[in-house]
Amino acid sequence: MLMKIIFVLIDCAAVLGLYFTHKAVGRNIKEEYGIWLRKTLFAGIIAMFANILIAYSFDYAFASISFSIYFASIDWILYYLVGFLLAYTEHDKALKIMYRPAAVVFGLDSLSLLTNRIFGHAFYVFSKKNYGDVHFYQTRGLMPFYIHLAIDYTAIAIALFFIIYRLIKTYSIYRIKYVIILSVLMLVILLNLLYMMLELPLDASVIFYAVAGMLIYFSIHSFVPRSLKISSLERAINDMKEGLVLFDISDNCIYANDFSKQRFDIDESTYTPKCEPAATIITNLSVKGEEFGESNYSRTVAKDSDEVREHYVIKYNRLNDGKGRMIGSYLLIEDNTDQVRYLDEIKKARDIANEANNAKSSFLANMSHEIRTPLNSVLGMNEMIMRSTEDKQLLEYAGNIKSSGDALLSLINDILDFSKIEANRMEIAPVDYDPHQLLRDCCNNFEQMAEIKDLYIKVECDETIPSRLYGDDKLIRQILANVVSNAIKYTREGGVTVRVSDDGFAEDVRDLVIEVSDTGIGIAADDIKYLFDAFKRINEKQNATIQGTGLGLAITKELVTLMHGSISVSSKEGQGSTFTIVIPQKVVEAKPIGEFKRHVEGSAKKYTESFKAPDACILVVDDARLNLKVAQALLKNTEIQVETAGGGNEAIEKCRGKKYDCILLDHRMPEPDGIQTFEIITKEGMNTDTPVIMLTANVISGAEEEYIKLGFAGYLSKPIRGEDLEAALIRYLPEEKVKAQ
Ligand code: ADP
């Protein structure tokens, strides 16, 4: 009896096992073979029930029916199991061909087994007393029963064949998948044989199938993916271009991937944290007071008779288990050689670029100096002519010299401005100004240029705009000059119209709208987008004879943006262009400005000095004698006592014996230059606290700050304008010596 109870309990456990496995299959295994496995397990459950019924059969009829169900369900276990194995071993084609005929064969066999009670053709049941008084019903097969057995074993043999075939064909890493299935199947066969040898009173083979089903499920669900994951991981880690070395808790090396083995000659059996590179990393970290972390490691190795410097970033970290307990440590080695090399190259390239930039700046400074110095003399002397003559003709000629000189100056300024903008050093210096004056100056400056080309310049100024505005008139002049000069340059006939209006959106701030239209060559629609690019000249072939740098509009745009304004263009090729500039300006006097007059009586007003200072004495130092004369002439009417020195040494000598009220010092002179002279003068002699103004042609970005930093009171850029010179002197001369006019 005990035997029966144990047997039934095992059967019940198997039923439960199969039931839960059956449920789990649906969630975790690929559908193609999951369906087959689920059906196998379901047939297993039916077989287990039949087996329990056999154990509890109370008469022949019951036992006979139970056996029929049992044998038939084993048929279907095998049918679905083979189906599963074929699907799992990727024999989809064979499966597709066989599953229907096999179903017919197994169906007929099951039918034959299930009708055995009626015909008694397959097996008969007999009762056997065993283990004391307990009856067991057993069967003995007749002819069709052996056919049934043959079908079952053929199915197993087919499955075996396909598994072994796949095992041979597949890559080594995937063999594990099939080895496990094969092992399970072999185990079932072995246990079956063992059971037959033991001649147990009850059939246990179905239990083996159940165990096999569950084992298969667990192996394909967790063991196979796990083992695939581990072997794939190992291969991936070996493929990496980084090194990985693992240590156990006692610092024994348990793994080193190919990269670390090849680069550092690591032998897993002898490698410890005391070997390189681990030793250096650990020492570096402990110097920083850390136990784990990241450090750099460099070494020189011989490669093809060359010495190569290699750089690595190495992480040394602890390995923790799920609960945060340390279970070992690892080294992660990253080859940084290329990055270090690229960085070096970038640094070198940056140094070269910086050098080139410095060369450019010094070229600009030189060029500016070289051009400004003679220009200083030309414009200075010209101003002398303008001051000393009443002759209208002469005044006109001198005026022309002045405007050409100014144009040349503006070209230099363009280049310098661009470098200032590039260095973010352009600043706004707002003042009160008269918009009419601004327009007048601008148009008059270009009158001659237009006249030469037989073009007109028209000005249409809205009479209602405010009579005084507050803004950087110098920048607006520059913007206007760029756009108007372009309009003249790129127009062959007709002329240029400048329209000025305002867009009053508030009492105290107005949008000054300046429109410059020409009847010139126009700009192709496709080119408009490049118009404001620096150094970009459009239609270069056609415009080859027209002078230009391609900088004017780039600077204009930057200046407009700096003043929070906007610039736009509308143009038609061959018909002309209109540039519209909108700049917000503060209103100083809202009174309408009235009618615009191009020429104002007395506008070419004669020069009068702004002050007189006969008691003041200044020293002007310049190696260009002509410039000394210009300075003297410019200051003649102020009656200042002007002493001159033709170089640094002469100036120092003079300063030792006399105290001056102000010194104007040229920068570029043969040794000692302006700065060296300044240093000596402020250290010795009687002029240690005399304000020194630097006269320079060096007006590139940052020059003024440099001079102030060095201790100069201020600086005046060449060519010096009489008004600027007087304005500076009023500021620096002792108040009691200056008599304002
Ligand atoms: P550039 O020194 O060459 O005049 P700009 O930056 O001032 O440089 O102008 C860039 C280009 O835009 C010019 O080369 C010219 O082709 C085009 N351009 C500018 N203004 C006009 C205009 N009023 N009419 C036609 N083309 C113009």
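What you see as residue numbers is a count from 1 along each chain, following the sequence as written. Side-chain atom pairs in this predicted model are given and counted only at pLDDT of 80 or more, local residue features only at pLDDT of at least 70, and totals for whole chains, interfaces and linings cover all residues. Excluding hydrogens and water, the side-chain figures rest on all heavy atoms present in the structure.

**Some words on the environment of Tyr33**
Turning to step 1, where the next piece is worked out: Along the chain, the position of Tyr33 falls in helix 2 (residues 31-55).
Turning to step 2, where the next piece is worked out: You can call Tyr33 buried: its relative accessible area is 13%.
Turning to step 3, where the next piece is worked out: On a C-alpha basis, the gap between Tyr33 and Ile720 in space is 96 Å, while along the polypeptide they are 687 residues apart.
Turning to step 4, where the next piece is worked out: Contact partners of Tyr33, with chain neighbours within four places excluded, come to Phe84, Ala87, Tyr88 and Ile220. Each helix corresponds to a stretch of at least 4 residues labelled H or I by DSSP, and each strand to a stretch of at least 2 residues labelled E; elements are numbered beginning at the N terminus. Summary of the burial criterion: residues with accessible area below 20% of their type's maximum are buried, those above 50% are exposed, and those between are partly exposed, where the area comes from a 1.4 Å probe applied to protein chains only. Whether two residues are in contact is decided by their heavy atoms: any pair within 4.5 Å suffices.

**Observations regarding a nonpolar patch on the surface**
Turning to step 1, where the next piece is worked out: Residues enter patches when they are more than 30% accessible in relative terms and free of salt bridges; like-charged ones are connected within 9 Å and nonpolar ones (Val, Leu, Ile, Met, Phe, Trp, Tyr) within 5 Å. In these tables, accessible area is a Shrake-Rupley quantity obtained with a 1.4 Å probe, and a residue counts as shielded only by the protein chains included in the view. The term salt bridge refers to a side-chain nitrogen of Lys or Arg lying within 4 Å of a carboxyl oxygen of Asp or Glu. Taken together, the side chains of Met143, Tyr146, Ile147, Leu149, Tyr153, Leu193 and Met196 make up a nonpolar region of the molecular surface, amounting to roughly 690 Å² of accessible area.
Turning to step 2, where the next piece is worked out: Within the residue set of the nonpolar patch, elements represented by two or more residues are helix 6 (143-169) and helix 7 (172-198).
Turning to step 3, where the next piece is worked out: Tallying contributions element by element places helix 6 first for the nonpolar patch, with five residues.
Turning to step 4, where the next piece is worked out: Residue position: Ile147 is located in helix 6.

**Overview of the pattern of salt bridges**
Turning to step 1, where the next piece is worked out: Using the criterion set out here, one finds 21 salt bridges in the structure.
Turning to step 2, where the next piece is worked out: We note a salt bridge from Asp441 to Arg477, for which the minimum N-O separation is 2.7 Å. Note that Asp441 is positioned in helix 13 (residues 435-452) and Arg477 in helix 14 (residues 473-489), a separation of 36 residues in sequence.
Turning to step 3, where the next piece is worked out: Residue Asp441 is classed as partly exposed on the basis of its relative accessible area, which comes to 24%.
Turning to step 4, where the next piece is worked out: With its nearest N and O atoms 3.9 Å apart, the salt bridge here joins Glu643 to Lys654. Of this pair, Glu643 sits in strand 17 (residues 641-645) while Lys654 sits in helix 17 (residues 648-657), and the two are 11 residues apart along the sequence.
Turning to step 5, where the next piece is worked out: Residue Lys654 is classed as partly exposed on the basis of its relative accessible area, which comes to 27%.

**Concerning the environment of Glu294**
Turning to step 1, where the next piece is worked out: Within the secondary structure, Glu294 is located in strand 5 (residues 293-303).
Turning to step 2, where the next piece is worked out: Remark: the alpha-carbon pair of Glu294 and Ile314, spanning 20 residues in sequence, is separated by 5.7 Å.
Turning to step 3, where the next piece is worked out: Apart from the residues lying within four places of it in its own chain, the contact partners of Glu294 are Leu285, Lys288, Val313, Ile314 and Lys315.

**Let's talk about the packing of aromatic side chains**
Turning to step 1, where the next piece is worked out: Between rings of Phe, Tyr and Trp, where Trp is taken as its six-membered ring, a pair exists when centres lie within 6.5 Å; planes separated by under 30 degrees are stacked, by over 60 edge-to-face, and by other angles tilted. By the definition in use, this model includes 33 aromatic pairs.
Turning to step 2, where the next piece is worked out: With 6.5 Å between their ring centres and 45° between their planes, Tyr297 and Tyr312 make a pair best called tilted. With a gap of 15 residues between them, Tyr297 in strand 5 and Tyr312 in strand 6 (residues 306-320) connect regions that are remote in the sequence.
Turning to step 3, where the next piece is worked out: Ring-pair connections join several aromatic residues into one group, and the members of that group are Trp36, Trp76, Tyr79, Tyr80, Tyr99 and Phe106.
Turning to step 4, where the next piece is worked out: Each ring is checked for a lysine NZ or an arginine CZ that lies within 6 Å of its centre and within 35 degrees of its normal; such an atom marks a charge sitting over the ring. The cationic tip of Lys557 hangs over the ring face of Phe532; the distance from NZ or CZ to the ring centre is 5.3 Å.

**A short note on helix 20 (residues 722-732)**
Turning to step 1, where the next piece is worked out: Buried residues of helix 20: Gly722, Leu725, Glu726, Ala728, Leu729 and Tyr732, and no others. The buried side chains of helix 20 occupy one side of the element, clustering within an arc of 165° when seen end-on. Summarising the geometry of helix 20, the exposed residues directed more than 90 degrees from the buried face are Glu723 and Arg731. The arc in question is traced by the directions running from the helix axis to the C-beta atoms.

**Let's talk about the sheet that holds strand 20 (residues 714-717)**
Turning to step 1, where the next piece is worked out: Only when DSSP finds a minimum of two bridges between them are two strands counted as paired. Read across the open sheet, the five strands follow the order 17-16-18-19-20; overall the sheet is parallel. Pairing within the sheet leaves two strands with one partner each, and these edge strands are strand 17 and strand 20. Direction aside, the axes of adjacent strands within the sheet are offset by 20° on average.
Turning to step 2, where the next piece is worked out: As judged from the four bridges shared by strand 19 (residues 692-696) and strand 20, these two strands associate in the parallel manner. What sits directly across from Leu695, in strand 20, is Leu716.
Turning to step 3, where the next piece is worked out: Against the sheet, helix 20 touches strand 16 (617-621), strand 18 (662-666), strand 19 and strand 20, its axis set at about 170° to strand 20. Axis definition: a line fitted to C-alpha atoms, limited for helices to the stretch in contact. Angles are taken between N-to-C directions and run from 0 to 180 degrees.

**What to know about the sheet that holds strand 4 (residues 253-256)**
For sheets, the rule is that strands pair by backbone hydrogen bonds, running either parallel or antiparallel.
Turning to step 1, where the next piece is worked out: Pairing within the open sheet is antiparallel, and its five strands lie in the order 4-3-7-6-5. With partners counted over all chains shown, the strands left at the sheet margins are strand 4 and strand 5, one partner each. Each strand of the sheet is rotated relative to its neighbour by a mean of 20°, with strand direction disregarded.
Turning to step 2, where the next piece is worked out: As defined by bridge partners, strand 6 adjoins strand 7 (residues 326-335) across nine bridges and the pair is classed as antiparallel. Each bridged residue has a counterpart across the sheet, and for Ile314 the counterpart in strand 7 is Ile333.
Turning to step 3, where the next piece is worked out: The sheet strands contacting helix 10 (residues 278-287) are strand 5, strand 6 and strand 7, and the helix crosses strand 5 at an angle near 140°.

**Observations concerning the domain arrangement of the chain**
Turning to step 1, where the next piece is worked out: Examined at the domain level, the chain breaks down into domain 1 (2-232), domain 2 (240-335), domain 3 (344-426 + 608-741) and domain 4 (429-592).
Turning to step 2, where the next piece is worked out: All domain edges in this entry derive from an automatic or database-based domain assignment. Each of domain 1 and domain 4 has a C-alpha centre, and these two points are 96 Å apart.

**Let's talk about the pairing of strand 16**
Turning to step 1, where the next piece is worked out: Burial analysis of strand 16 places five of its five residues in the buried class, the great majority of the element.
Turning to step 2, where the next piece is worked out: Every second residue of strand 16 is oriented toward a common face, with Cys617, Leu619 and Val621 on one face and Ile618 and Val620 on the other, all of them buried.
Turning to step 3, where the next piece is worked out: Direction of pairing for strand 16 relative to strand 17: parallel, over a ladder of five bridges. Paired with Ile618 across the two strands is Val642, which belongs to strand 17.
Turning to step 4, where the next piece is worked out: A crossover connection joins strand 16 to the parallel strand 17 through helix 16 (residues 625-634); in handedness this β-α-β unit is right-handed.
Turning to step 5, where the next piece is worked out: Relative to strand 18, strand 16 is paired through four bridges, and the arrangement is parallel. Looking at the pairing, Leu619 lines up with Ile663 of strand 18. By definition, the crossover connecting two strands over a helix is right-handed if that path, from the first strand to the second, turns clockwise as seen with the strands pointing away from the viewer.

**Quick look at unusual backbone geometry**
Turning to step 1, where the next piece is worked out: Each neighbour pair has its own omega, and for Glu276 with Pro277 the value is 0°, a cis peptide bond.
Turning to step 2, where the next piece is worked out: Among the secondary structure elements, Pro277 is positioned in the loop between helix 9 (258-264) and helix 10.
Turning to step 3, where the next piece is worked out: Cis geometry marks the peptide bond from Glu671 to Pro672; its omega dihedral reads -10°.
Turning to step 4, where the next piece is worked out: One can find Pro672 in the loop between strand 18 and helix 18 (674-683).
Turning to step 5, where the next piece is worked out: Non-glycine residue Asp265 carries a positive phi angle of around 55°.
Turning to step 6, where the next piece is worked out: Along the chain, the position of Asp265 falls in the loop between helix 9 and helix 10.
Turning to step 7, where the next piece is worked out: Residue classification places Asp265 among the exposed residues on the basis of a relative accessible area of 69%.

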